[in-house]
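Chain by chain, the residues:
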Amino acid sequence: MKLYNKLAIVTGGASGFGEAICRLFAEEGAEVIILDNHVENGQKVADSIGDAAHFIQCDLQASAEITRAFDSLASKYGKVDILVNNAGYTHARAPLDEVGEDEFDKVFNINVKAIFWTSKLALPLMAGDSQSVILNMASTAAIRPRPELTWYNASKGAVVAATKSMAIELADRNIRVCAINPVMGETGLLEKFMGMDDTPENRSRFTSTIPLGRLSTPNDIANAALYLASDDASMVTGIALEVDGGRCI
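The structure reproduced in this document is the subject of the present report. (Residues numbered from 1 in each chain as written. Predicted model: local features only at pLDDT ≥ 70, side-chain atom pairs only at ≥ 80, totals over all residues. Heavy atoms only, no water.)

Spacing of three or four residues puts side chains on the same side of an α-helix, whose turn is 3.6 residues. For helix 5 (residues 150–170), which comprises 21 residues, the first-to-last C-alpha distance of 30 Å matches the rise-based estimate of 30 Å (1.5 Å per residue) to within 8%. Every buried residue of helix 5 is listed here: Tyr-152, Asn-153, Ser-155, Lys-156, Val-159, Val-160, Thr-163, Met-166, Ala-167 and Leu-170. Along the axis of helix 5, the buried residues cluster in a sector spanning 165°; they form a single face. The outward face of helix 5, more than 90 degrees from its buried face, is lined by the exposed residues Ile-168 and Glu-169. (Helix = DSSP H or I, 4+ residues; strand = E, 2+ residues; numbered from the N terminus. Expected span 1.5 Å × (residues − 1). Buried < 20%, exposed > 50% of the residue type's maximum accessible area, 1.4 Å probe, protein only. Arc of directions from axis to C-beta.)

Rendered as structure tokens:
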């Protein structure tokens, strides 16, 4: 019960890495708030977890909806112990000059601007004697980018830079800030990252670049998030933890 009596918010918690984080955090004693725009999936995940999870529909591209969600949380709980900025999006693989402005804006709105809003609104709820944690989902793309994902790579680079700056600025408030850099994972965005169908043959082209020989799984990322969110990591802040099977070496 490493997160006993903690309140954790997980954006993009209706599927993929976020869903696994929600499940593991609840198993470890946290009450979990799932912020996601996918109503059916989000409610299904919350229902399957049970009383420890609650779903709030929220379009993370819309500041008004993020504000509404946090106003509701402030009224009901009055605190936030852990904020996991997991929601993410990528444009399809394409040369950088062929990515449209709408796709560019969506990538940065979800991957970067949403972190601006959730962090801004969570900070007043993190005041207190106990240590609070913000976890930002970055990517190995931030430090070892793949071609034809330039604007996605750039957005995740911004997440890593923001994480390090936030860690310095918030340390005196007893708030730790860390990032996780997953290698390409088994999520709904996999085919967009690959730029091709998800077949065993195509997967092998990518797993061959990962020394441990496989993609990351949602459980891999959830286990890393649990460590960083728990008191086991009470002296850890400002890092971007690579969960990459050796990809960035």
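Here the narrative resumes, following the displayed structure.
This part takes up the side chain of Ser-132. Relative to the helices and strands, Ser-132 resides in strand 5 (residues 132–137). The class for Ser-132 is buried, based on a relative accessible area of 1%. Other than its neighbours up to four places away in sequence, Ser-132 contacts Val-80, Asp-81, Met-126, Asn-174, Ile-175 and Arg-176. (Contact = heavy atoms within 4.5 Å.)

For the rest of this paragraph, the subject is the layout of surface pockets. Taken as a whole, the largest pocket encloses approximately 870 Å³ of empty space. Lining the largest pocket we find 39 residues, and of these Asn-86, Ala-87, Gly-88, Tyr-89 and Leu-189 sit closest to its centre. At the level of elements, helix 1 (16–27), helix 4 (101–122) and helix 5 are the ones that each hand at least two residues to the lining of the largest pocket. For the lining of the largest pocket, the per-class residue count stands at 16 nonpolar, 16 polar and seven charged. Taken as a whole, the second largest pocket spans an internal volume of roughly 270 Å³. In terms of lining residues, the second largest pocket is bounded by 14 residues, among which Ile-115, Phe-116, Ser-119, Lys-120 and Met-166 are the most central. Elements that contribute at least two residues to the lining of the second largest pocket include exactly helix 4 and helix 5. When its residues are assigned to classes, the lining of the second largest pocket shows nine nonpolar, two polar and three charged. (1 Å grid on protein atoms, 1.4 Å probe; cavity = no way out; pocket = protein on both sides within 12 Å on 5 of 7 lines; lining within 4 Å. Points joined across faces, edges and corners; volume = space filled by probe spheres on them. Nonpolar A, V, L, I, M, F, W, Y, C, P; charged D, E, K, R; others polar.)

What follows is about the pattern of salt bridges. Working definition: two side chains of opposite charge can pair if their charged atoms are close together. Evaluated as defined, the whole model comprises five salt bridges. Lys-2 is the salt-bridge partner of Asp-232, the closest N and O atoms lying 2.8 Å from each other. Taken as a pair, Asp-232 in the loop between helix 8 (218–229) and strand 7 (240–243) and Lys-2 in the segment before strand 1 (7–11) lie far apart in primary sequence, 230 residues in all. Assessed through its relative accessible area of 44%, Lys-2 is described here as partly exposed. A salt bridge links Asp-81 to Lys-79, with the shortest nitrogen-to-oxygen separation between them at 2.9 Å. (Salt bridge = Lys/Arg side-chain N within 4 Å of Asp/Glu carboxyl O.)

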